Amino acid sequence: MTETSANDVLFLLIGAILVLAMHAGFAFLELGTVRKKNQVNALVKILTDFAISALAYFFVGYGVAYGVHFFSDVSHISQANGYELVKFFFLLTFAAAIPAIVSGGIAERARLHPQSAATFLLVGLVYPFFEGIVWNGHFGIQDWLAANFGAPFHDFAGSVVVHAVGGWIALAAVLLLGARRGRYTKEGRVSAHPPSSIPFLALGAWILIVGWFGFNVMSAQKVGGISGLVAVNSLMAMVGGTLTAMWAGRDDPGFIHNGPLAGLVAVCAGSDVMHPLGALLTGGVAGAMFVYLFTLTQNRWKIDDVLGVWPLHGLCGAWGGIAAGLFGQHWLGGAGGVSLVSQLIGTAAGVGIGFGGGYLVYGVLKKVVGIRLSDEEEFNGADLSIHNITATPERESNW
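Enquirer: Can you lay out the packing of aromatic side chains for me, pointing to particular residues and giving the numbers?
Expert: Applying the stated rule across the entire model yields 25 aromatic pairs. When the centroid spacing of 6.2 Å and the interplanar angle of 20° are considered together, the rings of Phe 59 and Phe 71 count as stacked. Of the two residues, Phe 59 sits in helix α2 (residues 39–66) while Phe 71 sits in the loop between α2 and α3 (74–77), which places them 12 residues apart along the sequence. Ring-pair connections join several aromatic residues into one group, and the members of that group are Tyr 57, Phe 58, Phe 59, Tyr 62, Tyr 66, Phe 70, Phe 71 and Phe 88. Cation over ring: Lys 87 sits above Tyr 66, and NZ or CZ is 5.4 Å from the ring centre. Lying across the ring of Tyr 83, Lys 222 places its NZ or CZ 4.3 Å from the centre.

Okay, here's the thing in structure tokens:
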């Protein structure tokens, strides 16, 4: 066992732990955004979806993406200090982000166990199908893009592979579920459901921000590939997204705390090839995009995406894929080795596979078992209807 392999294992393990911690960020961001009667459900979904994702990815998804399984003896799978095992752990935390993203869109009216079934299918089949194309060269698509347009599709840390795919899956789920009871009236009015806890929403955003530096920097997967450029580009995109969301959102705290996330989503793809000024612009555009598109989605198009995960992950992720093809160019200060045409094709493929796969999974579940709470269950809230307890019970049990 070489010192290099041990260092690589530690490097990737720290990354896996940081991205695992991001799931707490997803949980608290959702908890703070939904109404009080759905806070427990937000916490439960993120944890149970992660557990189901682990099984789906271990037994099915990792093999679909990389052709690797762990059914041989321990001496074989733990070679090189168990690097392959820890690589699986790291990539699992990415895969589990798919249901964590979807969870925020379908909050307050989705049934728990049909969502668990959707998680298994998405993490086992839909997500790794596209992951394998981009990150493992399946079907020769990357080679074809490189031969025809000068470079393969570049997505260093998953703007498209993780975020855009997750966001477009969420859009399909939200459209099939329909809006929450009373959200939109027949007269065309919109009923506001303000966040239940700005402090919890902010806590979730901060946990995500900190974990994101593991998400992006550790995507190098080897100590030798580590780059301070990725870290500073992530920082600049986060800053840009925060400030433009503050400006576009007129100081609204919900927008201000989602702005840095929009910037970080967008910079994932090109964080290793952009100049920091390009990353600042990429994040700035994403922060403003989120504010405007969230407002359009909710008020004009009447799509009840509770946390705005389609604008945040689906659209800002797609912008990130395209931005890598722009700001990665030499003439804009980038490192080169990217093709705008390849970025457009790869991004479009991620959008199509995400939306199509999501619509198929949730469409079949809707027909077979149903995916929505009853009107009474939704009125009472998912906490009482599913879990038989609220986040802040007001009395002791009397027995």
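Enquirer: If you had to explain the side chain of Glu 131 to someone new, which residues and values would you point to?
Expert: Along the polypeptide, Glu 131 turns up in helix α6 (residues 112–136). Buried Glu 131, no salt bridge; nearest opposite-charge side chain is Lys 87, N-O distance 8.5 Å. Residues contacting Glu 131, with those up to four places away along its chain left out, are Tyr 57, Ala 65, Tyr 66, Leu 91, Asn 136 and Val 161.

Enquirer: Let's hear about the nonpolar core: which residues, and what values?
Expert: In terms of nonpolar packing, the biggest core is built from 107 residues, with Tyr 57, Trp 212, Phe 215 and Tyr 362 touching the most fellow members. Residue contributions to this core peak at 13 residues, all from helix α8 (residues 159–177). Not counting chain neighbours up to four residues away, the residues in contact with Tyr 362 comprise Val 102, Gln 115, Ala 118, Leu 122, Ile 169, Ala 173, Leu 176 and Ile 371.

Enquirer: I'd like a rundown of unusual backbone geometry, residues and numbers included.
Expert: The backbone phi angle of Asn 81 is positive, close to 60°, even though this residue is not glycine. Among the structural elements, Asn 81 can be located in helix α4 (residues 79–95). A positive phi angle is found at Gln 221, which is not glycine, with a value near 70°. Overall, the relative accessible area of 18% leaves Gln 221 in the buried class.

Enquirer: An account of a nonpolar patch on the surface is needed here, citing residue identities and associated values.
Expert: On the surface, a cluster of nonpolar side chains totalling about 470 Å² of accessible area is made up of Leu 235, Val 239, Leu 243, Met 246, Leu 277 and Leu 280. Elements with a contribution of two residues or more to the nonpolar patch: α10 (228–248) and α12 (276–300). A per-element tally of the nonpolar patch places α10 first, with 4 residues. Position of Leu 280 among the secondary structure elements: in helix α12.

Enquirer: Could you give an account of the packing of α8 against helix α13 (residues 309–327), with specific residues and numbers?
Expert: Where α8 meets α13, the axes come as close as 7 Å, and the angle between the chain directions of the two elements is 145°. Handedness of the crossing formed by α8 with α13: left-handed. On α13, the residues touching Ser 159, Val 160, His 163, Ala 164, Gly 167, Trp 168, Ala 170 and Leu 171 of α8 are Val 309, Trp 310, His 313, Gly 314, Leu 315, Gly 317, Ala 318, Gly 320 and Gly 321.

The rules behind the values
- Residues numbered from 1 in each chain as written.
- Predicted model: local features only at pLDDT ≥ 70, side-chain atom pairs only at ≥ 80, totals over all residues.
- Heavy atoms only, no water.
- Phe/Tyr/Trp six-rings, centres within 6.5 Å; stacked < 30°, edge-to-face > 60°.
- Helix = DSSP H or I, 4+ residues; strand = E, 2+ residues; numbered from the N terminus.
- Lys NZ or Arg CZ within 6 Å of the ring centre and 35° of its normal.
- Buried < 20%, exposed > 50% of the residue type's maximum accessible area, 1.4 Å probe, protein only.
- Lys, Arg positive; Asp, Glu negative; His and termini not counted.
- Salt bridge = Lys/Arg side-chain N within 4 Å of Asp/Glu carboxyl O.
- Contact = heavy atoms within 4.5 Å.
- Core = buried A, V, L, I, M, F, W, Y, C linked by side-chain atoms within 4.5 Å.
- Patch = residues over 30% accessible without salt bridge, like charges linked within 9 Å, V, L, I, M, F, W, Y side chains within 5 Å.
- Areas by Shrake-Rupley, 256 points an atom, 1.4 Å probe, with all protein chains shown as cover.
- Axes fitted to C-alpha atoms, helices over the stretch in contact; angles between N-to-C directions.
- Left-handed = near helix turned anticlockwise from the far one by under 90°.

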